[in-house]
Amino acid sequence: MNLPNKLTILRVILVPFFILFFYLESVPCNYIIAFVLFAAASVTDALDGHIARKNNLITTFGKFLDPLADKVLVVSALCCFTEKGLMSAIPLIIIIAREFMVSGLRLVTANEGVVVAAGIWGKLKTAFTMVAIVAILLFCCLDMTDRLRIVSDILIWVSTALTIISGAVYLKGYWKYIDTDK
């Protein structure tokens, strides 16, 4: 197994530990630990792709697990934020719906032998969402509860807007594979 795939697996392994420490308020500095775990997992996302492309280590396993690991990491954090009242469930629903739509689109196009590669809007959406989550976790660490919900709402809604745009771009670009009943 190559290094990029190991980094992707590490990202998946970090998710339950992030969730555990996010909720373990009895542990001193639990939000700081959750922040560090999420930030480390986010860095593995940038590293694994960079290393894989630079060293020609792209594998089918990596193509499968990398986007799945991203989705599990991000959706886990957003679910935690929703349950704690740090964000509304509406952006979470929109974000999850977009992920299902893109995954379904990838399944449909795969039957045609077409790979739906991550585009710039999808990468921008993922990067911004991870940065937004890190920022919200930082506000949790600093116990800035008076400003936390405002900052969280702004960051999450910008992320949601990017999610909608990237989903629309994917849908427009691959619509011909869906609209075959003419």
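Residues numbered from 1 in each chain as written. Predicted model: local features only at pLDDT ≥ 70, side-chain atom pairs only at ≥ 80, totals over all residues. Heavy atoms only, no water.

## Some points on the overall build of the protein
Secondary structure summary: the protein contains six helices and zero strands in total. Going from N to C terminus, the protein has its helices and strands arranged as α-α-α-α-α-α. In summary, the protein has a C-alpha radius of gyration of 17 Å against a globular reference of 16 Å for 182 residues, a match within 12%. Summarising its shape, the C-alpha atoms of the protein cover approximately 55 × 40 × 20 Å along the three principal directions. (Helix = DSSP H or I, 4+ residues; strand = E, 2+ residues; numbered from the N terminus. Rg over C-alpha atoms; globule rule 2.2 N^0.38 Å.)

## Quick word on the pattern of salt bridges
Applying the stated criterion across every chain, the model contains nine salt bridges. For Lys84, the salt bridge identified is with Glu25, shortest N-O distance 2.1 Å. Of this pair, Lys84 sits in the loop between α3 (60-83) and α4 (89-111) while Glu25 sits in the loop between α1 (3-23) and α2 (30-54), placing them 59 residues apart in sequence. Taking the relative accessible area as the measure of exposure, Lys84 reaches 28% and is therefore partly exposed. Note on Glu25: relative accessible area 53%, which makes it exposed. Connected via shared salt-bridge partners are Arg11, Asp45, Asp48, Asp66 and Asp70. (Salt bridge = Lys/Arg side-chain N within 4 Å of Asp/Glu carboxyl O. Buried < 20%, exposed > 50% of the residue type's maximum accessible area, 1.4 Å probe, protein only.)

## Some words on unusual backbone geometry
Even without glycine at this site, Cys29 takes up a positive phi of about 65 degrees. Inspection of the secondary structure puts Cys29 in the loop between α1 and α2. Phi at Asn56 takes a positive value of approximately 55 degrees, unusual for a residue other than glycine. If you trace the backbone, Asn56 turns up in the loop between α2 and α3.

## What about the packing of helix α5 (residues 120-141) against helix α6 (residues 145-174)?
Two packed helices can be described by the angle between their axes and the distance between those axes. Running from N to C, α5 and α6 cross one another at 170 degrees; their axes reach a closest spacing of 9 Å. Looking at the two axes, α5 sits roughly antiparallel to α6. By residue class, the composition of the contact of α5 with α6 is 17 nonpolar, six polar and two charged. (Axes fitted to C-alpha atoms, helices over the stretch in contact; angles between N-to-C directions. Parallel < 35°, antiparallel > 145°, perpendicular 65-115°, else oblique. Nonpolar A, V, L, I, M, F, W, Y, C, P; charged D, E, K, R; others polar.)

## Considering the packing of α3 against α5
Running from N to C, α3 and α5 point in directions that differ by 40 degrees, and their axes come no closer than 11 Å. With respect to α5, the axis of α3 lies oblique. Crossing handedness for the pair α3 and α5: left-handed. Residue-level inspection shows Asp70, Leu73, Val74, Ala77, Leu78 and Phe81 of α3 in contact with α5, the latter providing Thr126, Thr129, Met130, Ile133, Ile136 and Leu137. Split by residue class, the contact of α3 with α5 holds nine nonpolar, two polar and one charged. (Left-handed = near helix turned anticlockwise from the far one by under 90°. Contact = heavy atoms within 4.5 Å.)

## With respect to the nonpolar core
Phe18, Phe22, Phe38, Leu78, Phe81 and Ile133 are the most contacted members of the largest nonpolar core, which totals 29 residues. Elements with a contribution of two residues or more to this core: α1, α2, α3, α4, α5 and α6. For this core, the element with the most residues is α5, which contributes seven residues. Apart from the residues lying within four places of it in its own chain, the contact partners of Leu78 are Met87, Leu92, Ile95, Ile133 and Ile156. Among the nonpolar cores identified, the runner-up in size contains six residues, and Val102, Leu105, Val114 and Val116 belong to it. (Core = buried A, V, L, I, M, F, W, Y, C linked by side-chain atoms within 4.5 Å.)

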